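Residues per chain are reported as follows:
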Amino acid sequence: MKTFTLPAGSSAVFCSDIHLNEGDNQAIEHFCSQLSIYAKKADHIIILGDLFEAWLGDHCADNFQPLLTHFKSLATHTPIYFMPGNRDFLLRDKLLEKYNVRALADPCILVHEGKRILLSHGDQFCSLDTGYLRLRRIIQHPITIWAAHKIPYFIRRLIARRLRHISQYKGRKTSRKLLDACEETILHWMQRYHSSICLYGHVHHLQDQVLTKEPYKRRIVLDSWQHQTNHALLSKGVLNLHTL
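No experiment lies behind these values; they were computed from the predicted model shown. (Residues numbered from 1 in each chain as written. Predicted model: local features only at pLDDT ≥ 70, side-chain atom pairs only at ≥ 80, totals over all residues. Heavy atoms only, no water.)

Chemist: How should a nonpolar patch on the surface be read in this particular structure?
Modeler: A surface patch of nonpolar side chains, amounting to about 220 Å² of accessible area, comprises Leu135, Ile159 and Leu163. Of note, Leu135 is situated in helix α4 (residues 130–139). (Patch = residues over 30% accessible without salt bridge, like charges linked within 9 Å, V, L, I, M, F, W, Y side chains within 5 Å. Areas by Shrake-Rupley, 256 points an atom, 1.4 Å probe, with all protein chains shown as cover. Salt bridge = Lys/Arg side-chain N within 4 Å of Asp/Glu carboxyl O. Helix = DSSP H or I, 4+ residues; strand = E, 2+ residues; numbered from the N terminus.)

Chemist: Sorry if this is basic, but what is going on with the nonpolar core here?
Modeler: A general trend in soluble globular proteins is that nonpolar side chains are found buried together. Core analysis: the biggest nonpolar cluster contains 37 residues, and Leu20, Phe31, Ile47, Leu51, Trp55, Leu67 and Phe71 have the highest contact counts within it. Within the residue set of this core, elements represented by two or more residues are β2 (12–15), α1 (25–41), β3 (44–47), α2 (65–74), β4 (80–82) and α3 (93–98). Setting aside its immediate chain neighbours within four residues, Leu51 contacts Ile18, His19, Leu20, Phe31, Leu67, Phe71, Phe82 and Asp88. Ala12, Tyr81, Leu119 and Leu234 belong to the second-largest nonpolar core, a separate cluster that totals 21 residues. (Core = buried A, V, L, I, M, F, W, Y, C linked by side-chain atoms within 4.5 Å. Buried < 20%, exposed > 50% of the residue type's maximum accessible area, 1.4 Å probe, protein only. Contact = heavy atoms within 4.5 Å.)

Chemist: Would you mind showing me how to read the packing of aromatic side chains here?
Modeler: Counted by the stated rule, this structure contains seven aromatic pairs. Ring centres 5.4 Å apart and planes at 90 degrees place the aromatic pair Phe125 and Trp189 in the edge-to-face group. On the criterion of sequence distance, the pair formed by Phe125 in the loop between β7 (115–119) and α4 and Trp189 in helix α8 (residues 183–192) is long-range, its members being 64 residues apart. Among the residues examined, Phe125 registers a relative accessible area of 0% and is labelled buried. For Trp189, a relative accessible area of 18% translates into the label buried. Chaining the aromatic ring pairs together yields one cluster made of Phe52, Trp55 and Phe64. (Phe/Tyr/Trp six-rings, centres within 6.5 Å; stacked < 30°, edge-to-face > 60°.)

Chemist: Would you mind going over the sheet that holds β2 with me for this structure?
Modeler: Whenever strands of a sheet pair, they do so through backbone hydrogen bonds, lying parallel or antiparallel. Across the sheet, which stays open at both edges, the six strands sit in the order β5-β4-β3-β2-β11-β12 with mixed pairing between neighbours. Edge positions in the open sheet fall to β5 (101–103) and β12 (238–243), since each of these has one partner strand only. Adjacent strand axes in the sheet meet at a mean angle of 25 degrees, parallel and antiparallel pairs treated alike. Direction of pairing for strand β11 (residues 230–235) relative to β12: antiparallel, over a ladder of six bridges. From the neighbouring strand, Asn230 faces β12, where its bridge partner is Thr243. (Pairing = 2+ DSSP bridges. Axes fitted to C-alpha atoms, helices over the stretch in contact; angles between N-to-C directions.)

Chemist: It is not clear to me how the pattern of salt bridges should be interpreted in this structure. Could you clarify?
Modeler: Close approach of charged atoms allows side chains of opposite charge to pair. Using the criterion set out here, one finds five salt bridges in the structure. One salt bridge in this structure joins Arg136 and Asp106, with 3.8 Å as the shortest N-O distance. Here Asp106 lies in the loop between β5 and β6 (108–112) and Arg136 lies in helix α4, a separation of 30 residues in the sequence. The buried category is assigned to Arg136, whose relative accessible area is 14%. A relative accessible area of 18% places Asp106 in the buried class. The shortest N-O distance in the salt bridge between Asp123 and Arg136 comes to 2.8 Å.

Functional significance is not addressed by these values, which are geometric in nature.
Structure representation (structure tokens):
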């Protein structure tokens, strides 16, 4: 498990599941505005995946230049980190570096003032949905990702559209419990990596829950920005959820 450390006394804002679409200038401008606010209240900004509704290759950067340019500017004084989600795992580290964004592995451990916080996009915790996890292992395999960057864009778009239709159909037909993050899986990962807090998104519902008191294990779940503008703030050793 990869770890990274934030300096003692520093603060961080976390967000995920913004799901920006190309051409949705209002949503892009809103997120850019929120980033500027976050940069004033925190020393670090950490995005936990699904920043984009779909990222099908480097050429997508042309559709999000205002946002990427804003990243580059903000990152000169406020470090920005990005962890890929299930919608934007084709966003390559090399492109992130171009805009001064630092790549994070999913999952990873954030060490801050003695705390070990498990960070993830969250889809790996949906262990009851075995079909999805099998598909995830295939489409996010390094060989598949390499091949995806080689095939024509229109084919990538067709595949992405097909997978999205399957996902939407499955979401209507499958129980919420099956699609949700599994508490037992989260606890297993937290115990394995000696973490007291787990922070993730993906499942699109805001939650702050103490899973066990002895030992203390807490999960914090970020919501989709399609529901509400939200973030988590780590400041003075305390991590809490906030909504607009």
